[in-house]
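If you want the building blocks of each chain, they are given just below.
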Amino acid sequence: MRYLINTKSFVFMKALFTLCCCVLVVLYSMCVMAQDKRTLIIGAASDIHTLDPAVSMDNSDWRQTYPAYDRLVRYEVVKGQGTTRAEPFAARAWSVSGDGLTWNFYIRPGISFADGTALDAEAVRFSLQRALDIGKGPAQNFNVIESMRVIDPLTLEIKLARPFGPFLQTMATNAASIINPAVLEHDARNDLGQDWLRTNTDGSGPFSLKELVPGKYAVLQAVKDYWDGTPWLDQVVVKFIPDPDERMAALESGRIHIAENLLMEQLIRLEDNQDIKVHRYPSQLVEYVYINTQRPHLSDPRVRRALNFAVDYQAIIENVIHGNAVQMKGPIPQGMWGHNPYAYQYEYNPQKAADLLSEAGVEDLRLTLKYSERRSEWKEIAKELQTSFSRAGIILELEFVPNPVLREQLDKGDFDLCLGVWSPDFADPYMFMNFWFDSTYWGLPGNRSFYKNVVVDELLRHAAESSSVAGRTKLYSRVQDIVISDAPYIFLHQIEAAVAMHKSVQGFVYNPMLESIYNIESIWIK
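Conventions and cut-offs
Residues numbered from 1 in each chain as written. Predicted model: local features only at pLDDT ≥ 70, side-chain atom pairs only at ≥ 80, totals over all residues. Heavy atoms only, no water. Buried < 20%, exposed > 50% of the residue type's maximum accessible area, 1.4 Å probe, protein only. Helix = DSSP H or I, 4+ residues; strand = E, 2+ residues; numbered from the N terminus. Arc of directions from axis to C-beta. Contact = heavy atoms within 4.5 Å. Polar contact = N/O pair within 3.5 Å; in protein donor to acceptor, adjacent residues only side chain to side chain. Axes fitted to C-alpha atoms, helices over the stretch in contact; angles between N-to-C directions. Parallel < 35°, antiparallel > 145°, perpendicular 65-115°, else oblique. Left-handed = near helix turned anticlockwise from the far one by under 90°. Nonpolar A, V, L, I, M, F, W, Y, C, P; charged D, E, K, R; others polar. Pairing = 2+ DSSP bridges. Salt bridge = Lys/Arg side-chain N within 4 Å of Asp/Glu carboxyl O. pLDDT = per-residue confidence, 0-100. Right-handed = clockwise from strand over helix to strand, strands pointing away.

**Student:** Summarise helix α6 (residues 244-253); cite the residues concerned and give the values.
**Tutor:** Residues separated by three or four positions in an α-helix point in the same direction, a consequence of the helix having 3.6 residues per turn. Taken as a whole, α6 has its buried residues at Pro244, Arg247, Met248, Ala250 and Leu251. Seen along its axis, α6 keeps its buried residues to an arc of 160°; they face one direction. For α6, the secondary structure elements touched by its buried residues are β1 (39-44), β11 (258-259), α7 (264-270), β12 (276-291) and β17 (489-502). Once α6 ends, the next one or two residues include Gly254, with phi positive near 90°.

See below:
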């Protein structure tokens with residue numbers, strides 16, 4: 001049987017069908033945002049490595065752990081802006097001796113973990129001691145601790161081996177998260193519960209981990225009777241979306257509320273979208289290249305200086321960052337005390353790079369640069385480095401490695417060069433100078449170039465023990481001159497922070513100490 005269809009009717013029906021589909025797509029997008037007003041959805045670039053506060057050194061993990069735990073102190077918020085000042089949190093108050101060596105913390109009563117166990121002085125002592133016993137990167141914040149004593153259930157005494165200026169601020173870091181001592185019930189492998197805490201949380205914070213599907217998503221559930229006030233949000237879903245185009249599309253379609261780590265060109269485009277708000281802030285976030293100084297072909301400072309001269313810094317800033325960054329001048333970023341605006345700054349000079357390689361007797365230098373999805377622009381930065389290195393006669397091969405795997409390789413020194421990003425956990429040059437250059441911190445804790453200079457070690461440790469800002473500034477200035485000449489890193493640029501989110505998200509607070517970490521306990525959706 002033949003069916004005769006009027007051509008005009010067919011065209012009309014096709015147009016009507018197309019229109020209906022478009023309407024359904026729009027309605028679906030609206031419904032996604034409206035289906036649960038108390039669920040915040042974040043599109044994240046990087047998967048979780050570990051959720052154990054005593055092990056993790058990655059903000060991608062801290063996004064989930066900061067809201068799951070309380071700490072003795074936290075960063076103060078003033079007029080909707082995050083500060084670097086510490087204020088009481090789980091500790092209602094504290095006192096310190098005149099010599100700066102003895103600290104007493106007075107725990108706030110009435111805080112409990114999910115199982116009903118009280119958060120007390122012993123829980124704080126246990127958490128700090130656990131980090132020290134595990135001895136991984138986060139423990140470096142507390143190595144200055146000589147002893148701890150529980151004076152009474154709500155008073156903890158901490159004695160330091162030497163004065164340490166930023167000690168109070170270290171108590172606001174992820175490493176100082178207060179963990180339920182009952183976590184030892186999950187100590188099946190005699191590892192202080194590390195294996196279990198890799199994919200679980202056990203704190204007293206405003207949220208707890210409800211579900212985790214590695215590579216897919218994590219769900220944080222609000223604690224309804226949280227001592228500092230029940231969060232407005234019921235839950236937060238963190239979706240792991242490595243591709244920045246997919247994250248942007250998800251934000252524009254309403255499938256997520258916040259899109260992390262977008263390319264600058266995407267952010268510029270989103271600023272024209274009336275439903276999206278792009279928040280921009282001055283930051284101390286820097287990107288740089290780790291040079292593995294333990295590799296034979298990279299042990300010579302002349303070779304490392306050559307690599308620094310082989311980088312077209314401005315091409316990266318203009319072509320990849322679209323002008324939203326400034327070239328670093330020394331390791332301490334602008335905006336932090338100790339920054340030296342007169343420090344020597346490498347500039348693009350491929351001939352100088354080639355001459356240094358010749359002077360070092362190096363020919364046909366071939367290196368591999370590793371990078372991950374941790375920063376959206378790293379793929380393009382890697383390509384720019386490959387191009388500029390080639391003009392100095394250096395062959396640069398590029399290798400993409402998923403971020404959790406790359407973190408393990410970094411800790412083992414399994415790389416020639418690697419793109420890196422760093423933001424301070426507390427507002428002190430120690431975060432850059434000591435962590436990056438003291439040989440105590442080799443590997444993931446901070447010295448990811450595996451650099452060692454005995455003079456630098458001595459100066460840095462002296463600076464850490466000094467209570468004088470002026471004295472520490474002079475010491476750090478001397479170290480900067482040395483390390484810039486030794487060139488264990490390539491200092492690329494300091495970036496303006498930008499966060500894109502749906503206009504319905506209210507109460508967001510940016511803190512330069514907490515990059516990629518959200519105050520979800522006080523965020524609400526309009």
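**Student:** Hey, could you go over the side chain of Gln64 for me, with residue numbers and the actual values?
**Tutor:** Looking at the element boundaries, Gln64 is found in helix α2 (residues 59-65). Within the local environment of Gln64, its side chain forms a polar contact with the backbone oxygen of Ser60, the two atoms lying 2.7 Å apart. Excluding anything up to four places from it in sequence, Gln64 contacts Ile48, Leu51, Ala218, Leu220 and Val238.

**Student:** Report on the packing of helix α13 (residues 430-437) against helix α15 (residues 469-486), specifying residues and quantitative values.
**Tutor:** As a packed pair, α13 and α15 sit with axes 11 Å apart at the nearest point and diverge in direction by 45°. Considering their axes alone, α13 and α15 lie oblique with respect to each other. You can see that α13 and α15 cross each other, and the crossing is left-handed. Every residue of α15 that contacts α13 at Tyr430, Met433, Asn434 and Phe437 is listed here: Arg472, Tyr476, Val479, Gln480 and Val483. By residue class, the composition of the contact of α13 with α15 is six nonpolar, two polar and one charged.

**Student:** Help me get a handle on the sheet that holds strand β5 (residues 102-107), residues and values and all.
**Tutor:** With respect to topology, four strands assemble into an open sheet ordered β4-β5-β7-β6, the strand pairing being antiparallel. Across the chains shown, the open sheet's two edge strands, defined by having one partner strand only, are β4 (91-96) and β6 (145-152). Within this sheet the neighbouring strands show an average axis-to-axis angle of 20°, counted without direction. Here β5 runs beside strand β7 (residues 155-160); their pairing, made up of five bridges, is antiparallel. Each bridged residue has a counterpart across the sheet, and for Trp103 the counterpart in β7 is Ile158.

**Student:** Let's hear about the pattern of salt bridges: which residues, and what values?
**Tutor:** For the structure on display, the rule yields 30 salt bridges. The salt bridge partner of Asp234 is Lys224, with a shortest N-O separation of 2.7 Å. Here Lys224 lies in the loop between β9 (217-222) and β10 (235-240) and Asp234 lies in the loop between β9 and β10, a separation of ten residues in the sequence. Look at Asp234 and you get partly exposed, because its relative accessible area is 24%. Linking Arg366 and Glu397 is a salt bridge whose minimum nitrogen-to-oxygen distance equals 2.8 Å. One end of the pair, Arg366, is in strand β14 (residues 366-371); the other, Glu397, is in strand β15 (residues 395-400), and 31 residues separate them in sequence.

**Student:** Help me get a handle on the environment of Leu398, residues and values and all.
**Tutor:** Along the chain, Leu398 falls in strand β15. When its relative accessible area of 30% is taken as the criterion, Leu398 is described as partly exposed. Placed 93 residues apart in sequence, Leu398 and Arg305 show a C-alpha to C-alpha distance of 20 Å. If sequence neighbours within four positions are ignored, Leu398 has contacts with Leu369, Tyr371, Ala382, Lys383 and Gln386.

**Student:** Before we move on, can you summarise the confidence of the model for the protein with the specific residues and values?
**Tutor:** Mean pLDDT over the protein works out to 91, with 93% of the residues at or above the 70 mark. Contacts from residues 1-34, a stretch scored under 50 in pLDDT, to residues over four places away or in other chains number ten contacts.

**Student:** How would you explain the pairing of β14 if you had to name every residue and give the values?
**Tutor:** Strand direction decides the pairing type here: β14 and β15, joined by six bridges, are parallel. By the bridge assignment for β15, Leu369 is matched with Leu398. Note that the unit made of β14, helix α11 (residues 378-390) and β15 has a crossover that is right-handed. Where β14 lies against strand β16 (residues 417-422), two bridges are found, and the strand directions are parallel. Following the sheet pairing, Leu369 is matched in β16 by Leu417.

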